[in-house]
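Commentary on secondary and tertiary structure
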Amino acid sequence: QVQLVESGGGPVQPGGSLRLSCAASGSASNSPDIMGWYRQAPGKPRGMVAIITNDGSTNYADSVKGRFTISRDYAKGVVYLEMSSLKPEDTAVYYCEFVTRGTIYWGQGTQVTVSS
């Protein structure tokens, strides 16, 4: 049973932009409390990139502040991550996460590669 599906990843040159999307289905889409994006680079642990709560509050990792923007269409159960001024160190697999009524859902991940 697929719950979260990410899209929008791919290769991009340094300084470029990408927009990631994550659409929820099933119980994951039922009034999530938190919607967020995490990333994992090779050999590193998964870390928070940005989260948005059900009241619209946001939080960003220091490394992406001013460059990334998280937004969501709450009614549709979709969360977005607008990424600009991308750097090679942003290269990672990006995962979306929903927390819905105490249950954590993860997407399958989408690769973002920043390289010239």
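Quick look at the structure, then. Along each chain, residue indices are assigned from 1 in the same order as the chain's sequence is written. With pLDDT at 70 or above as the cut-off, local features in this predicted model cover only qualifying residues; side-chain atom pairs require 80 or more to be listed or tallied, and sums for whole chains, interfaces and linings still use all residues. Heavy atoms from the whole structure form the basis of all side-chain values; hydrogens and water molecules are not counted.

1. So, the overall build of the chain
Defined as follows: Under the DSSP-based scheme used, a helix requires at least four consecutive residues in state H or I and a strand at least two consecutive residues in state E, with every element numbered from the N terminus. To get the radius of gyration, use the C-alpha atoms; to get the globule rule, take the number of residues to the power 0.38 and multiply by 2.2 Å. Burial status follows relative accessibility: with a 1.4 Å probe on protein chains alone, a residue under 20% of its type maximum counts as buried, one over 50% as exposed, and anything between as partly exposed. Throughout, a residue-residue contact means that at least one pair of heavy atoms, one from each residue, lies within 4.5 Å. When charges are tallied, Lys and Arg are placed among the positive residues and Asp and Glu among the negative ones, while His and the ends of the chain are skipped. Charge placement uses NZ in Lys and CZ in Arg. For Asp and Glu, CG and CD serve respectively.
Looking only at helices and strands, the chain has 0 helices and 11 strands in total. N-terminal to C-terminal, the α/β element order of the chain is β-β-β-β-β-β-β-β-β-β-β. Relative to the 2.2 N^0.38 estimate, which gives 13 Å for 116 residues, the radius of gyration of the chain is 13 Å and therefore close to what a compact globule would have. Dimensions along the principal axes, computed over C-alpha positions, put the chain at roughly 40 × 30 × 25 Å. Each of the 116 residues in the chain was classed as buried or not, and the buried ones make up 44%. For the chain, contacts bridging at least 24 residues in sequence account for 52% of all contacts bridging at least 6. Taking the average location of the 10 positive side-chain charges in the chain and that of its 9 negative ones, the two points are 2 Å from each other.

2. Here we look at the state of the cysteines
For clarity, the cut-off: Only a pair of cysteine sulfur atoms within 2.5 Å qualifies as a disulfide here.
One pass over the full model with this rule turns up 1 disulfide. A sulfur-sulfur separation of 2.0 Å characterises the disulfide bridge that pairs cysteine 22 with cysteine 96. Handedness of the cysteine 22-cysteine 96 disulfide follows from its S-S torsion of about 45 degrees: it is right-handed. You can see cysteine 22 sitting in strand 3 (residues 18–24) and its partner cysteine 96 sitting in strand 9 (residues 92–100), a full 74 residues away along the chain. The class of cysteine 96 is buried, set by a relative accessible area of 0%.

3. Observations regarding the pattern of salt bridges
Basically, it comes down to this: Think of a salt bridge as a Lys or Arg side-chain nitrogen and an Asp or Glu carboxyl oxygen that are within 4 Å of each other.
Inspection of the entire model under this criterion finds 4 salt bridges. Across the pair arginine 39 and aspartate 90 runs a salt bridge whose closest N-O atoms are separated by 2.9 Å. Of this pair, arginine 39 sits in strand 4 (residues 34–40) while aspartate 90 is found in the loop between strand 8 (78–83) and strand 9, placing the two residues 51 residues apart along the sequence. Judged by relative accessible area, aspartate 90 falls into the buried class, the value being 0%.

4. Details of the pairing of strand 10 (residues 103–106)
Along any regular strand the residues' side chains alternate between the sheet's two faces. Spelled out, the test is: Each pair of strands is called paired provided DSSP finds at least two bridges between the two strands.
Relative to strand 10, strand 9 runs antiparallel, the two sharing 4 bridges. Following the sheet pairing, threonine 100 is matched in strand 10 by threonine 103. Taking the residues that link successive antiparallel strands as the turn, the strand 9-strand 10 hairpin has 2 residues, and the phi of arginine 101 there is positive, at about 50 degrees.

5. Structural notes on the sheet that holds strand 7 (residues 68–73)
Here is the rule: The axes used here are C-alpha line fits, helices contributing only the stretch in contact, and every angle between their N-to-C directions lies in the interval 0 to 180 degrees.
Pairing is antiparallel across the open sheet formed by 4 strands, whose spatial order is 1-3-8-7. Strands at the two margins of the open sheet, each flanked by one partner only, are strand 1 (4–7) and strand 7. Between one strand and the next, the sheet's axes are offset by a mean angle of 15 degrees, whatever the strand orientation. Pairing of strand 3 with strand 8, which is carried by 6 bridges, proceeds in the antiparallel orientation. Bridge pairing in strand 8 links leucine 18 to methionine 83.

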